[in-house]
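# Coordinate analysis (summary)
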Amino acid sequence: MGCRRNNPDISLLSLFLLLFLFCLSFRDVLAQSPVFACDVAKNPGVSAFGFCDTSLPISDRVQDLVKRLTLQEKITFLVNKAGAVSRLGIPTYEWWSEALHGVSYVGPGTHFSSVVPGATSFPQVILTAASFNASLFEAIGKVVSTEARAMYNVGLAGLTFWSPNINIFRDPRWGRGQETPGEDPLLSSKYAAGYVKGLQQTDGGDPNRLKVAACCKHYTAYDLDNWKGVDRYHFNAVVTKQDMDDTFQPPFKSCVIDGNVASVMCSYNQVNGIPTCADPNLLAGTIRGEWKLNGYIVSDCDSVDVLYNNQHYTKTPEEAAAITINAGLDLDCGQFLGQHTEAAVKSGKVNESAIDNAISNNFATLIRLGFFDGDPSKQAYGKLGPKDVCTAENQELAREAARQGIVLLKNVEGSLPLSTKLIKSLAVIGPNANVTKTMIGNYEGTPCKYTTPLQGLAASVSTVYAPGCANVACSSPQVDDAKKAASGADATVLIMGADQSVETESRDRVDLHLPGQQELLITEVVKAANGPVILVIMSGGPMDISFAKDDTGVTSILWVGYPGEAGGAALADVIFGLFNPSGRLPMTWYPQSFADKVPMTNMNMRPDPSNGYPGRTYRFYTGDDTLYLFGDGLSYSQFNHHLVKAPKQVHFPLEEGHVCHSQKCKSIDVVQDSCRNLVFDIHLRVKNNGAMHGAHTVFLFSSPPSIHNAPRKQLLGFEKVFLTAQSEQLVKFRVDVCRDLSVVDEQGSRKVAMGSHVLHVGDLKHSLSLKI
């Protein structure tokens, strides 16, 4: 049947359809043909502007640009959606993009389209950290920045990515712990520097150029989102100077100094009564003054609004704008500074020179990125495009990262790995057995593709699938179906745990148990199963699974974090012995009694015997027995350590007349002159005694003398080594006495601890005496 041409409704419908299709194609044309600043070919007039002259030093280009702007124009560059200045050929720029573990669609600066439908989605950070592989941290960052640049070139992404999250995973209930490298300051510092270098460093290695600009967040002492009515917008983190300097600050210091990060983001919370984004000591004093940040400081989104409207820290919005800019804030994620800064200037609360300083830091970052260098196709990385996103190599790295992070926590002899020759049928059970989006956690992007756990396992053997629960809440478990599947199979894999409905931004947990009736389902399946039962926990935070640890029917336990787009394939590789597990826990797994007794709001790291407070993390915790410790993890091989070289005494040099020559000192101030070149080496022989090739993380821990409430034990270094079956390798650690054998005293000063230090490597212990 045909349509009458004179039917006005049909004609109008056709017109709208054509218009819609035109808009779609025009949008894709725009996405592929974006407008760039200082594009002389398309806008010859800009060649007269100094800020477009690539031969000038960055500082001169910034100065030229700032002096051309009116106050109102300057203010538009204080917010994440920076305003366009058409008379200068400057397009609008969106600062807010995310790349926590792959290019993300969170934040308005980045989106996917038919041009680039997805990007490589690596494991959530907590699992990548479990690899304890510093070269992997950097390799992932490099892939992410390549894909980000490729998307920028076709107008789908920005150049400034507000990642990584390097807050200390202080409390197991924190919903955002999944985004972090874990509870240890050294691991978090190594992750921060490595990932940032991968994101930022150009192929030429010029520190004044950036591939993309990273951002370390959330500064500082931020690790509570929403717990029992206490939220991050109102929380005042009361932190001792000692805890601040030896726990919360080191990752940020390393990020700025070692990683040369281009940005730091201040957090929502107050620290000791002052909002972090309004604290001149934390911002101008520490980040920019002491650590010499080469870049900009940005607020968490609407933090300036929060300190005025939620925390009522200032009486007027103009005061809030002024106090943050004067403290050292350069960019507001939000509109608050855009709305109130002009009034703050006109009322004399902030000088225009402070605005100039802030936007200068922002412009310098954009110049380092090449934003003011014209068409990126004529620059470095200009040939990157859709073909460089989701490459086979990038997707294989996502699988490898998941394999390296997966942690084997329990393995009754002979249980894992499973043999495809002996196992002809496999029961795959659990609410996380066939999930997709759950595997990539939060701050995610659209992945290239997914391999679910069920798909990964089914690729090796015949499987029978029973979800057991409709979702992780598991309010009504389908026990009979699960038992039937397990009873008829040669082996059973239970894939349980959490998802973003249980733990995420703005959602902390109140207990450490598996959600809903998951424990019941596991227990019943174990009773019905014939062969080995492998329990897989997919989660960001630790769980109290003591029931499964103690149940002899649960023959193996694996923690897989949120393992990314290739998580199912990686899990199958480990279960069927194609990969020898080498992941180690980056956080302590506590018993439920911890959550029953310890409020999240207590920020103290150290125990307090007077009130029974047990302290936090492996460095200080003295409470009930933990399920698993930081660094725990098994392998299919047995690795032995043999100490080859280590000093028994180290002498600390002091200038003549120092008071510690005439009296006994328990500790000595870290002074540059005394510390210079004060290092020694530790050599270890590590052997793989197993029949399988595999990687092994060698940890060097120290127990310092019991002074200044020092940590009971702390990580000095780690090295990941690959050893073929029955082979051995020499592993070397260089110990810097003032950095590694020092402790922070009660006033926040770093001191070298005199006396006996016990060094630990696996089961090895070596005593070292530090003397004057």
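Everything in this summary refers to the structure shown in the same document. (Residues numbered from 1 in each chain as written. Predicted model: local features only at pLDDT ≥ 70, side-chain atom pairs only at ≥ 80, totals over all residues. Heavy atoms only, no water.)

## Things to note about the overall build of the protein
Along the protein, the regular secondary structure elements total 23 helices and 27 strands. Here the protein has a C-alpha radius of gyration of 28 Å; the compact-globule value for 772 residues is 28 Å, and the two agree. Overall size of the protein, expressed as C-alpha extent along the three principal axes, is 100 × 75 × 50 Å. Burial statistics for the protein: of 772 residues in total, 61% are counted as buried. (Helix = DSSP H or I, 4+ residues; strand = E, 2+ residues; numbered from the N terminus. Rg over C-alpha atoms; globule rule 2.2 N^0.38 Å. Buried < 20%, exposed > 50% of the residue type's maximum accessible area, 1.4 Å probe, protein only.)

## Some points on the pairing of strand β16 (residues 556-559)
With burial as the criterion, each face of β16 is covered, one bearing Ser-556 and Leu-558 and the other bearing Ile-557 and Trp-559. In terms of strand pairing, strand β11 (residues 407-411) meets β16 through four bridges, oriented antiparallel. Bridge pairing in β16 places Val-407 opposite Trp-559. Sheet topology note: the strand β15 (residues 533-538)/β16 ladder contains four bridges and is parallel. Bridge pairing links Ile-537 to Trp-559 in β16. (Pairing = 2+ DSSP bridges.)

## Overview of the pattern of salt bridges
Tallying each qualifying case throughout the model produces 36 salt bridges. One salt bridge in this structure joins Arg-616 and Asp-171, with 2.6 Å as the shortest N-O distance. With Arg-616 in the loop between α20 (592-597) and α21 (617-620) and Asp-171 in the loop between α5 (134-153) and α6 (185-200), this residue pair connects regions lying 445 residues apart in the sequence. The same class applies to Arg-616 and to Asp-171, which are both buried. Of the charged contacts, one joins Glu-444 and Lys-437 as a salt bridge, the two residues approaching to 3.5 Å between their closest N and O atoms. Taking relative accessible area as the criterion, Glu-444 reaches 10% and is therefore assigned buried. (Salt bridge = Lys/Arg side-chain N within 4 Å of Asp/Glu carboxyl O.)

## A word on the sheet that holds strand β23 (residues 728-736)
One open sheet accounts for three strands, arranged β17-β20-β23; its pairing is antiparallel. For this open sheet the edge positions go to β17 (639-645) and β23, each flanked by a neighbour on one side alone. Looking at each pair of strands side by side, their axes are set apart by 30° on average, direction ignored. Inspection of the sheet shows β17 paired to strand β20 (residues 679-688) by six bridges, in the antiparallel sense. Each residue of the ladder has a partner; that of His-641, found in β20, is Val-686. (Axes fitted to C-alpha atoms, helices over the stretch in contact; angles between N-to-C directions.)

## A word on the nonpolar core
Phe-51, Trp-162, Val-261, Phe-363 and Phe-372 are the most contacted members of the largest nonpolar core, which has 122 residues in total. No other element matches the nine residues that α5 contributes to this core. Contacts of Phe-51, omitting those with residues within four sequence positions, involve Cys-38, Arg-61, Asp-64, Leu-65, Arg-68, Leu-88, Ile-90 and Phe-372. Counting residues in each nonpolar core, the second largest holds 88 residues, with Val-461, Val-472, Val-493 and Met-587 among its members. (Core = buried A, V, L, I, M, F, W, Y, C linked by side-chain atoms within 4.5 Å. Contact = heavy atoms within 4.5 Å.)

## Digging into the pairing of β20
With nine bridges joining them, β20 and β23 adopt antiparallel strand pairing. Residue pairing for β23: Asp-681 is matched across the bridge by Arg-734.

## Describing the environment of Ala-482
Of note, Ala-482 is situated in helix α16 (residues 479-487). Sequence-distant contacts of Ala-482, defined by excluding residues within four places in its chain, comprise Ile-429, Ala-466, Leu-521 and Val-525.

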